Each structure stands twice: as C-alpha cells, then as structure tokens.
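Below are the chains, spelled out letter by letter.
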Amino acid sequence: MIFAKVPIVKFFDRISECDVDININNTVGIKNSFLLKSISLVDERIPPLIIFVKAWAKAQDINSAFMGTLSSYLLVSMVIYFLQTGISPPLLPPLRQYVDNLQSVNVNTQLQTLQPAQFIKLQVRNQETLGEVLAKFFLFWNKKLKQNKVFSVYTAQEKIR
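What you see is a predicted model, and the numbers here were worked out from it, not measured in a lab. Per chain, the residues get numbers from 1 upward, laid out in the order the sequence is written. Given that this is a predicted model, residues contribute local features only at a pLDDT of at least 70 and side-chain atom pairs are listed and counted only at 80 or more, while totals for whole chains, interfaces and linings are drawn from all residues. The basis for every side-chain value is the complete set of heavy atoms in the structure, and neither hydrogens nor water enter the calculation.

Asks: I tried to follow a nonpolar patch on the surface on my own but got confused; where do I start?
Replies: A cluster of nonpolar side chains, contributed by V9, F11, I22 and I24, occupies part of the molecular surface with about 310 Å² of accessible area. Counting from the N terminus, the helices are the DSSP runs of H or I reaching at least four residues and the strands are the DSSP runs of E reaching at least two. Looking at the secondary structure, you find V9 in strand β1 (residues 9-13). Taking the relative accessible area as the measure of exposure, V9 reaches 33% and is therefore partly exposed. Exposure above 30% relative accessible area and the absence of a salt bridge qualify a residue for a patch, where like charges join within 9 Å and nonpolar side chains (Val, Leu, Ile, Met, Phe, Trp, Tyr) within 5 Å. Here, Shrake-Rupley sampling with a 1.4 Å probe gives the accessible areas, and only protein chains in the shown set may cover a residue. The salt bridge definition used is simple: a Lys or Arg side-chain nitrogen within 4 Å of an Asp or Glu carboxyl oxygen. When a residue's accessible area, from a 1.4 Å probe over protein chains only, is under 20% of the maximum for its type it is buried; when over 50% it is exposed; and in between it is partly exposed.

Listed below in structure tokens is the structure:
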C-alpha cells in the first residue's frame, strides 16, 4: 500500500459504531483512501469481510496498535493479501499497477476524474459465499502466521524474513 503518516483526527462515530481516522492535506492519505475505496467496490463481499474481521479483532482485544496489538490498517492489509492469494480465483489482483498509477495522479486536479468502481477490475469472478471466504480467511492466516514470512499486497507475494 501507499505509506502514510499518523492521522491528524481520530474519533468514534456512535451511529456506525466505527472508529474514524481523518487526515487533512495529506496526499498520500488521500490516494490511499481512494485505493481502499476502489478495493471495496471490486466485490460486494469485501466490505463486510473487512468489517467482520475488524469487529472480531476488536472483540478479541487485539485491534489497537497503540496498545501493541494489530492496527486496523494491518487487518485490512491481511484481508487484501488473503483475497489476492488465499482463494481461487482471487478476489483482488496485486496492487502494484494501481499504486504505481496513483503515484503520478495530482489529488487536486486528477483524482476526482477517476472512478473508484472502475479503477480495479478482475476478469474472473470468484463464486464462493461470504461465509466460505471468511472461514478460509481464518484458516489461511492460522497457517501463514506460523511461518516466518512477510507478505506484500503490492506484489501479492511473500518471502522469508
């Protein structure tokens, strides 16, 4: 993903019951938000999968980077990597092409002309249910976390540390 700095404003939205991070005038954050929005529109199973994984992590008390556990950003990255490599056909491609395309985009003049729903496209549609995908997510990471590897959503590859 595109590297970003710590958000400027953090708050909890009582209506959606979600923690919200807002950064202002941070072009990397704006591009990253566009990329995440585009990812969420690739398939209707992606948003509920991310929300469930984050809610599960919060219920397990392992979703607080401040407290030394997993950040929300890491959890989203884990979902993305799983959707790239943990199911067949994948729900997401490697993000290299899309990140590289965004690097040269001017957020003030060009980003608003891009359509998030059209930014990332897949040719083959995975037919598994949300429940099947969710179960495979936990099985996938149960196995992966026992390995001494790092993963990249940029390349959709892993390597030994």
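Right, picking up where we left off after that structure.
Asks: Would you mind showing me how to read the pairing of strand β2 (residues 18-22) here?
Replies: Every regular strand shows the same layout, with side chains that alternate between the two sheet faces. Bridge count between β1 and β2: five bridges; the pairing is antiparallel. Counted as the bridge partner of V9 is I22 from β2. In textbook terms, the turn of a hairpin is the stretch between consecutive antiparallel strands, and for β1 and β2 this stretch comprises four residues, one of which, E17, has a positive phi near 55 degrees. For two strands to be treated as a pair, DSSP must find no fewer than two bridges joining them.

Asks: Explain the layout of surface pockets here, please?
Replies: It is the rolling of a water-molecule-sized probe over the atoms that shows where space remains empty. Size it by volume and the second largest pocket reaches roughly 180 Å³. Using protein atoms alone on a 1 Å grid, points that fit a 1.4 Å probe yet trap it form a cavity, whereas open point sets bounded by protein on both sides within 12 Å along at least five of seven lines form a pocket; residues with an atom within 4 Å of a point count as lining. L70, L74, M78, W141, K144, L145, Q147, K149, V150, F151, E158 and R161 are the residues that line the second largest pocket. Mapped by element, the contributors of at least two residues to the lining of the second largest pocket are α3 (72-85), α6 (130-144) and β3 (149-152). A class-by-class count of the residues in the lining of the second largest pocket yields seven nonpolar, one polar and four charged. Grid points are joined across faces, edges and corners, and a volume is the space filled by probe spheres set on the points. Any residue outside Ala, Val, Leu, Ile, Met, Phe, Trp, Tyr, Cys, Pro, Asp, Glu, Lys and Arg is labelled polar, Gly included; the first ten of those are nonpolar and the last four are charged.

Asks: Whenever I open this one, unusual backbone geometry confuses me. Can you help?
Replies: A negative phi holds for most residues other than glycine; trans holds for most peptide bonds. A cis amide bond, omega -5 degrees, links S88 with the succeeding residue P89. For E17, which is not glycine, the phi torsion reads 55 degrees and is therefore positive. Counting through the fold element by element, E17 comes out in the loop between β1 and β2. Its identity as a non-glycine residue notwithstanding, A156 has a phi of 60 degrees, on the positive side. Mapping A156 onto the fold places it in the loop between β3 and β4 (157-160). A residue is classified by how much of its surface remains accessible, and A156, at 17% relative accessible area, is buried.

Everything listed here is a matter of geometry and, on its own, says nothing about what the molecule does.
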